[in-house]
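Chain residues, written in single-letter form:
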Amino acid sequence: MNQNKLIIFLTLLLQLKINFCKTSYTIMLDPAGDAAEPGRVIDETYERGLTLQFAQALKKELESDKSIRVILSRFPGESIEPLQNASFANRLNVDLFVSLHFYQKTSNHLQDTQPAISLYHLLYHPVTDFWQSAKKDKLEFIPYDEIYKVSLNESTKAVQIAKKLLETTFIKNSIFTVGCPFKPLLGVVAPAFAIEIGLTDKNSWQDFVKPISLSLNHVYKQLYKTEVTK
Amino acid sequence: MLNKSCYLYNFKIALLSLLFFLLGCFFYLLYHQKIVIIWTDKTDNPVLLTPAKRRSFTLYFFKDNIWKNEQKELIDSDDIRLTINYLTTAWLNQIEEERLTDKPVTIQAVLLNELDTLAFISFDRSPFAKHYSVFQKIMWIEGLLRTIKKNLPKITEVSLLAHHQPIIDMHIDFSHGFPTTGFC
């Protein structure tokens with residue numbers, strides 16, 4: 001009897017240890033566009049190609065840290081159905097979902113005062129959304145357009161962490177953050193946010209790889225409270 | 001006797017022909033708008049029947065990295081739908097003057113829910129060009145929401161439509177209404 005109790009106790013302790021000592025984190029990168037939707041035109045090329053290149057470079061940079069596993073939501077030539085990326089991310093139980101977007105920065109007065117980087121997380125109402133909570137572990141049906149509330153606080157925190165770090169690299173007022181009804185983040189359970197960068201030409205995305213990878217590193221580690229590697 | 005009945009018959013034919021001729025002339029003149037019939041009905045032309053007065057409205061827009069506002073004298077009607085129509089039209093004209101948009105849009109219809117708190121504004125097309133950044137779209141929406149909130153505080157939510165359907169956009173989800181408190 002005492003032996004049985006000891007075995008049960010040790011099993012519970014082991015389970016608890018596994019839950020607290022998660023050693024690997026999964027980040028999903030969702031480059032904008034697909035085979036059907038090329039996205040915006042940037043310097044005579046399309047957004048979908050540039051975001052995919054950026055995501056691949058970012059993946060390489062992030063995976064230099066062995067504790068991070070990066071998954072891209074699509075491959076070249078693949079067509080994505082609505083909510084397919086969200087479904088993919090939810091099935092894989094990712095720890096962080098990041099959507100990547102580019103647009104063309106021009107000397108047109110319409111755009112020249114825009115921020116260098118904009119960070120968005122999904123929000124429909126800036127006040128009441130935080131009142132309503134959704135529990136992931138409860139067996140209740142949560143509509144796909146409300147599932148973001150499960151990780152709303154984490155998503156908001158992730159955006160603030162990323163902003164703080166990016167402001168050390170870029171000019172302080174050139175980072176814009178807001179919660180808004182951002183469609184590419186719809187249906188994702190994990191903490192999720194989107195990064196939109198204004199590019200002057202088709203190669204300037206390379207300047208953003210290191211700062212973004214560093215900020216993502218900080219984001220997931222601060223969200224899951226592990227030591228930050230330099 | 002026979003002559004009399006023939007005469008009567010011919011007279012009826014002639015009378016009928018004259019009548020149809022006059023009817024044809026009347027419709028001809030009506031068709032070519034030489035004659036105009038004005039049908040007055042109490043439900044027609046609510047603009048003329050609803051009391052209206054002019055008052056100052058504040059229009060908000062984001063330009064040069066700051067929020068700016070402009071005062072405009074517009075008609076303030078007891079029918080809130082009309083007021084929203086005039087206000088939104090004035091706001092659209094304002095941002096077009098300020099060259100904050102290169103895709104001018106017009107309003108097709110404005111409707112309210114039964115509590116007069118949710119406004120449905122239907123445009124003739126999506127106000128966003130494909131090359132617009134999400135930042136531009138958010139600031140456009142935010143400007144409209146601030147303008148409505150400042151001038152018509154009773155409206156708490158705004159739903160933006162194109163041809164009476166939710167606007168289809170790559171980045172912003174228009175299937176829900178937006179709170180007039182805005183997002184920024």
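Residues numbered from 1 in each chain as written. Chains lettered and ligands numbered in written order. Predicted model: local features only at pLDDT ≥ 70, side-chain atom pairs only at ≥ 80, totals over all residues. Heavy atoms only, no water.

In this structure, what is going on with the interface of chain A and chain B? I would like to understand it.
Frequently, the measure chosen for interface size is the accessible area removed from exposure when the parts meet. In this complex, chain A contributes 28 residues to the contact, which on the side of chain B involves 27 residues. Across the chain A/chain B interface, buried area totals approximately 2,400 Å², and carbon plus sulfur atoms make up 61% of it. Between chain A and chain B we count 1 salt bridge in total. The residue Lys-130 of chain B makes a salt bridge to Glu-37 of chain A at a minimum N-O spacing of 3.2 Å. (Contact = heavy atoms within 4.5 Å. Buried area = accessible area lost by both parts, 1.4 Å probe. Salt bridge = Lys/Arg side-chain N within 4 Å of Asp/Glu carboxyl O.)

Got a minute to help me understand helix α4 (residues 134–151) of chain B in this structure?
Since the α-helix turns once every 3.6 residues, residues separated by three or four places project in the same direction. If you check α4 of chain B, its first and last C-alpha atoms are 26 Å apart, about what 18 residues at 1.5 Å a residue would give, namely 26 Å. A large share of α4 of chain B lies buried, amounting to 15 of its 18 residues. (Helix = DSSP H or I, 4+ residues; strand = E, 2+ residues; numbered from the N terminus. Expected span 1.5 Å × (residues − 1). Buried < 20%, exposed > 50% of the residue type's maximum accessible area, 1.4 Å probe, protein only.)

Explain unusual backbone geometry here, please?
Trans is the prevailing form of peptide bonds, just as negative phi is the prevailing case for residues other than glycine. Within the chain, Glu-44 of chain A stands out as a residue other than glycine whose phi angle is a positive 65°. Mapping Glu-44 of chain A onto the fold places it in the loop between β2 (41–42) and β3 (45–46). Although it is not a glycine, Arg-99 of chain B sits at a positive phi angle of roughly 55°. Arg-99 of chain B sits in the exposed class, given a relative accessible area of 56%.

Would you mind going over the side chain of Asn-151 of chain B with me for this structure?
Residues and elements named next belong to chain B. Along the chain, Asn-151 falls in helix α4. In terms of polar contacts, Asn-151 uses its side chain to reach the backbone carbonyl oxygen of Thr-58, at 2.7 Å. Look past the residues within four positions of Asn-151 in its chain and what remains in contact with it is Arg-55, Phe-57, Thr-58 and Leu-87. (Polar contact = N/O pair within 3.5 Å; in protein donor to acceptor, adjacent residues only side chain to side chain.)

What am I meant to see in the sheet that holds strand β5 (residues 96–104) of chain A here?
Strand-to-strand pairing in sheets goes through backbone hydrogen bonds, with the strands running parallel or antiparallel. Residues and elements named next belong to chain A. The strand order β4-β1-β5-β8-β6-β7 describes an open sheet built from 6 strands, whose pairing is mixed. Of all the strands in the sheet, just β4 (68–72) and β7 (175–180) have a single pairing partner and so form its edges. Strand-to-strand twist across the sheet, computed as the mean angle between neighbouring axes with direction ignored, equals 25°. Relative to strand β8 (residues 192–199), β5 is paired through 8 bridges, and the arrangement is parallel. Within β8, the residue paired with Tyr-103 across the bridge is Gly-198. Strands β1 (25–31), β4, β5 and β8 of the sheet are contacted by helix α2 (residues 47–62), whose axis makes an angle of about 135° with β5. The sheet contacts of helix α4 (residues 152–169) involve β6 (117–122), β7 and β8, and relative to β6 the element is tilted by about 170°. (Pairing = 2+ DSSP bridges. Axes fitted to C-alpha atoms, helices over the stretch in contact; angles between N-to-C directions.)

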